[in-house]
Every structure is written in C-alpha cells, then in structure tokens.
Amino acid sequence: MIDSFFIEFNKLLKCNESSTRISDCFNILLPNSNKPREYFLKNEEIYVFGDPIVSGQLSDSLLIEKYQNTLNVEEFARSINGSFLLIIYNKFEKKLCIINDRFASCPFYFYKLNEGSIVGSNNFRRLLKYKGNYGININSSTIFEFIYFRKLFGTKTFENEILYMDSASIIHVGVNSVDIHKYWNPDYTNNIDDDGKLIDRLSSVLSKSVDAYTSDNSNCALLLSGGIDSRAILAASNDSLTTCITTAQSKNNEYAVAREVADYFNKRHFYIERPDNIFDKELFDAIDITGGMQVFNECQFLGHKDYFPKDLDTFLTGYGLDILLTDLYLPTIKNTVFDLPVMHSKIMPINGDIIKLFINKSKYRLKTSDPFSIVKDEKKSDLYDYLYSEIEGNINRGTSLGAEGYKLWEYLNTNNLSRHYSYPMIMSIRTFAHCRIPAFDNDLFNISIDMNYKHKLNSNIYLRTLNKLNPGLMNIRNANTNMKAGWSAEQQTYLKYMYYVLDKLGIKDMPRYPGWKDRTWGMPYNIIAKSKKITNLVNKLSASERLMDLGYVDMDKVSRMIEQHHRREHDHAVLINLLLTIDEALK
C-alpha cells in the first residue's frame, strides 16, 4: 500500500491522557517530501501539509503567527492562500480541527464513527480496509458515475459512509460533536467586462502566484512541456526557476519545442524518456493513489523517482491553468470546412435541460466507448436516472451560489479540482517530491470565476495575457499545433487552410500536425498492449466477482468488448482501464 497517514479522534484522546505528541497516534507513513511539518504551541499541535501561502510567501512561521493572531479559525482559513491541509489539535479543549484549501488539493477522506468521533486518511483504500471491521457498504451507482464521467462529483466515494473532504472546509471534532462546514464559497455574481483590465489583473496575479510558490528558495524545477501552460509559468516567473525537465516518449516534437522554450530562457534543461511498462511494477500503487476513483494510468510519474536529478526536490507544473482560464471543458463545437477541422471553436447554446446537455456533452465523459454498452438492458434507465439526479444536485448547489448558464457548467468542472480525472499526475509526483501548482491560487480562482465564456473561448484572454507577459516566448510554436503559440485560434485556422492548399499544389514541406508519437504521454491502448501483466488482468475482468457484484454489469458484454479490443476492431482501452481500476480497488 502506498505511503499515507491515518488519524482516529478517539486515539488522540488517549494520547492526550498520556501527554504523548499526537503525531505518535497519527500512524504517518509518508515519504519525507510529504510528511507534515509539526509545530507545538502552548496547548496546541499544528501539522502542516502542502504549501500554504501567507502574505505572498511560503512561510510556516508566518502561518503560525497568523493563526495565533486571528480571532477565529474561519477568518484564519479565509486568509490562507495556496495548497494545504492543516490538522490542529487542542489538547486542553480536546478538540480537533482540519482545514483544507479552496481546491481540496490535499485529498482527505473521513467517516464518522459516531456523533463524537471520526476516522480519516489521505488514502481511501486504507480507510476502506479499516472500515471493513465495521462493515462496508459499496455504492454501485457511484461506481457507474465514475465509469461514465471518469471522475466523481461532490464529496461521495465508492463507500456510502466514507466522504471526500469538500474544498474550503473545516471539520471540527469535539468529545461529543462533529461539525463540518464551508468557510468560503465561490461568488458567481461578479463579472468582468473590460478585457484590458482583465488582462492586467491576470498577468499580475499569475506573476504573484509563481513568485509565491517559489518564495522559499527551494531547489525548484519546472516540468516543461511544449504546450502553453508550463511556458506560462516561465513567462510569469521572476527568474527564480533555473531548471526545466521534459519527459516524453522519445526526443520527439514535444521535446524539441520544450527544448526551444528552455533555450529561449537560457535554462538548464533535462530530458527524461518515459520508461516502458511502468504499470507492470506500479499498477497497485497507482490504484492506492487514486482510491479507484480516478483511472490508474493518470499516475503518470510513478516509477520516475530515480530519473530526476538528485539536486532537485520540488517541481512546479502548469497543471490547472487551462481548466481555469480556457474553454477546455466548456461546451464548444468545432466545425469543419472542406473536411478540415478548424482551429477555433464556437460556444454551444445552453437551451432547455442543462442537466441532460451536461450528461451528453461533458468533454471528459467516456467517449471512446459507450459506457452503457456493458450494462444490462434492464438497468440502463435506472443508471441514467442516477446520473441525472447527481448532476441535478450539483447544479442546484451551483445555482445557490449565483451561477447560471456557462458559469453553472464551469462550477461542475472546477468544484473540488483534485477530483478531476487527471489529478493523479500530481499525486504521483508527490510520492517522491514536492509538487506545486501555481494555478491553485485564490486570486486566480476568483478571476476564473469572474470571467465570462467569451473570455475563455479559444483561450482569448489567456493567450493575450501571455503575449503581454512575454511576446517573444509566444512566438515559439505550440507543440500541440506546431504553430506559433501566441497566434489566436482564428489565425491558426487560416494558416492551416493555406497549408492544405499548398499541399494540394504539391508543396509538401509544410509543418505537420502532431500525432500520438509526438506527445508527452503514450496512447492508453499501449498500456495494455505492451504489458503481459496488465493484459492478463484485463482477460480476467470478464469473470470478475467485483464487477459482477455491482449488479448492473453484463459480464457477457464485458467479455465481447474485451475480445473486440484484442482483435483491434475498436479501441476500448479507456473503458478497460476504468474497469481494471475498479476491479483492483475493490479487492
């Protein structure tokens, strides 16, 4: 089982009686890079996970000072920026307080033993194993939500009584009470209409965030791809980053563009070739990291520890910037002209039933296979009704915060960002090093909330902001398109048409649109095809008792789907990896 920590309130009381430090009752099994920092006040012990930012600095001393000088814990929590989980125990009052950030970036799972005690962990499966002593109640409908959307919404988990700690929340535990409440909620009633002011504000906030996340003078390196988000960190940085690292399948197009970006800034640049078949060895650790509620193959950096330079212990990433600042998950439509896809999108109208539209058009839903194709015919209607009910509940919560239309759609995408299907990439880095995410900044989140869909459509404001921060950097091509990164989507469309015409005229030396082999990550298909171990596990899925016990999975359909995949009639790799994740997580 992957390194983790585990806390039980009743045991803290026993430590309290014996005058033992509560960390001795924590059962902490974490790598040194992610162990909590411990601080001891007169009657309290404070355990700090992650990277809380106070007054623009990574400083635990400022954090403790802020805590001591703030009248109440809610006011204190609202004043903290960054990525963090804080555990505070008052030995005199026998009270436990747990606080997380506005992104839930340090996952924490818990359940109530009774009215006055909780058990919690950052590892769902560790908590599930403990709860086995009291009885486990698996929610099979929630598991289908995971199959359909590749993530879960809200705070539910696969087990009915184990919850995911909601973002911007405080858990208060006393001898006879457990209280859970939000200390902050997004306000969707604000709007920014002035593009110039928005660009100025975004460029300032992005620069301040990068400065803050590098303010402790750690040995930081940037995980640099050939795309936009990681170079945005360089554009906003104050030269505190001296090293960049690029990982790719080979020294391909992704690497070549990243190298060009690093050279532009005169940065030390390391290339790490992605090892083959990493999940032969790391599969079960990946399942532990995700808890089975995010697909295992998103743990992209497991098995990479020995490949990174030894003098580096902290890594920055551009993760999340595209989610917050672009139309990545807005409902957009790409048209084609002369059978060529255009580079710019138009927004899809939200008319009528937004819940149904979200179920049918959410961009991260499982699209490479029909999730209902493995479901018993008589169960399909009930499962659809469950999806509808769950999205409706989240829609209602967003509406209560003032969100409507496209902002309501955005609420579904950005609430509890750590539950996004791709977040295991971050968690896999944290198994051996610090990983910091400048996108996880309170002010930047507020900007994202205040932006309207036109600002995000085709990365409008984001690209204009980066062009302002460093126009020379944005003249370097984007590895996702092989066109200048600073060009608008419309400009890229016109250029693509020109390339098409020149190609038809026999002029063949035009820039090539990147394929899978040009990317950082390989195809999901190869995770199965190149691994005998995973192939053997896949072949056992059609007889899985865990899948059978869900009650709605048609095992004959699963068997036919796997056979179809092996015969290369259809690539079902994403669905198969989802089923494999579930099967292993529930063992």
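Right above here is the structure, for reference.
Residues numbered from 1 in each chain as written. Predicted model: local features only at pLDDT ≥ 70, side-chain atom pairs only at ≥ 80, totals over all residues. Heavy atoms only, no water.

This part takes up the pattern of salt bridges. Under the defined criterion, the tally for this structure stands at 24 salt bridges. Note that D60 is salt-bridged to R37, the shortest N-O span being 2.8 Å. In this pair, D60 sits in helix α2 (residues 60-69) while R37 sits in strand β2 (residues 37-40), placing the two residues 23 residues apart along the sequence. On the accessibility criterion, D60 (14% relative accessible area) is buried. Exposure remark for R37: the relative accessible area of 26% places this residue in the partly exposed category. Among the ionic pairs, K182 bridges to D166, the shortest N-O distance being 3.8 Å. Here the residue K182 occupies a position in strand β11 (residues 177-182), and D166 occupies one in the loop between β9 (163-164) and β10 (169-174), the gap between them amounting to 16 residues. Using a relative accessible area of 27% as the deciding quantity, one classes K182 as partly exposed. What makes D166 partly exposed here is its relative accessible area of 22%. What emerges from the salt-bridge pattern is a single network uniting D51, D216 and R436. (Salt bridge = Lys/Arg side-chain N within 4 Å of Asp/Glu carboxyl O. Helix = DSSP H or I, 4+ residues; strand = E, 2+ residues; numbered from the N terminus. Buried < 20%, exposed > 50% of the residue type's maximum accessible area, 1.4 Å probe, protein only.)

Let's shift gears to the sheet that holds strand β7 (residues 109-114). Pairing between the strands of a sheet comes from backbone hydrogen bonds, and it takes one of two forms, parallel or antiparallel. Reading across from one edge, β1-β8-β7-β9 is the order of the four strands in this open sheet, with antiparallel pairing throughout. Two strands close off the open sheet at either side, each with one partner strand: β1 (6-8) and β9. Two strands pair when backbone bridges link them, and β1 and strand β8 (residues 117-121) are joined in this way by three bridges, in the antiparallel orientation. Along β8, the bridge assignment pairs I7 with G120. Running at roughly 20° to β7, helix α4 (residues 124-131) makes contact with β1, β7 and β8 of the sheet. (Pairing = 2+ DSSP bridges. Contact = heavy atoms within 4.5 Å. Axes fitted to C-alpha atoms, helices over the stretch in contact; angles between N-to-C directions.)

Residues I99, F296 and F315 are the most contacted members of the largest nonpolar core, which totals 167 residues. Among the elements that make up this core, the one with the highest residue count is helix α24 (residues 573-585) (nine residues). F315 has contacts with A221, L223, I245, F308, I429, F432, A433, H434, C435 and R436, leaving out every residue within four places of it along the chain. (Core = buried A, V, L, I, M, F, W, Y, C linked by side-chain atoms within 4.5 Å.)

To continue, consider the side chain of T246. With respect to the element layout, T246 can be found in strand β13 (residues 243-248). Contact partners of T246, with chain neighbours within four places excluded, come to L224, Y255, A258, H269, F270, Y271 and I272.

The next thing to look at is the pairing of β13. For a regular strand, the rule is simple: side chains alternate between the two faces of the sheet. Of all the six residues making up β13, six are buried; the element is thus mostly covered by neighbouring parts of the structure. Both faces of β13 are covered, namely the face carrying T243, I245 and T247 and the face carrying C244, T246 and A248. In this sheet, β13 lies alongside strand β12 (residues 220-223) in parallel orientation, the contact comprising two bridges. The residue of β13 that forms the bridge with L223 is I245. Bridge count for β13 against strand β14 (residues 268-273) is six bridges, and the pairing is parallel. Its bridge partner being in β14, T246 is matched across the sheet by Y271.

So, about the sheet that holds strand β15 (residues 314-316). Spatially, five strands are ordered β14-β13-β12-β15-β20 in an open sheet, and the strand pairing comes out parallel. Two strands in the sheet have a free side with no partner beyond their single neighbour: β14 and β20 (434-436). Sheet twist, expressed as the average angle between the axes of neighbouring strands with direction ignored, equals 30°. Relative to the sheet, helix α8 (residues 253-264) contacts β13 and β14, its axis offset from that of β14 by approximately 165°.

Turning to the packing of helix α11 (residues 354-361) against helix α13 (residues 406-414), a few remarks are in order. Contact geometry of α11 with α13 gives a least axis separation of 11 Å together with a crossing angle of 50°. The orientation of α11 with respect to α13, classified from their angle, is oblique. As α11 runs across α13, the sense of the crossing is right-handed. Across the interface between the two elements, I354, L357, F358 and K361 of α11 pack against L408, W409, L412 and N413 of α13. Classifying every residue of the contact of α11 with α13 gives six nonpolar, one polar and one charged. (Parallel < 35°, antiparallel > 145°, perpendicular 65-115°, else oblique. Left-handed = near helix turned anticlockwise from the far one by under 90°. Nonpolar A, V, L, I, M, F, W, Y, C, P; charged D, E, K, R; others polar.)

Turning our eyes to something else, we now look at the environment of S225. With respect to the helices and strands, the residue S225 is situated in the loop between β12 and α7 (229-236). Sequence spacing of S225 and V257 is 32 residues, and the spatial spacing of their C-alpha atoms is 7.8 Å. Those residues in contact with S225 that lie beyond four places of it in its chain are S230, E254, A258 and T520. Here the side chain of S225 touches G227 through a polar contact of 3.1 Å, landing on its backbone nitrogen. (Polar contact = N/O pair within 3.5 Å; in protein donor to acceptor, adjacent residues only side chain to side chain.)

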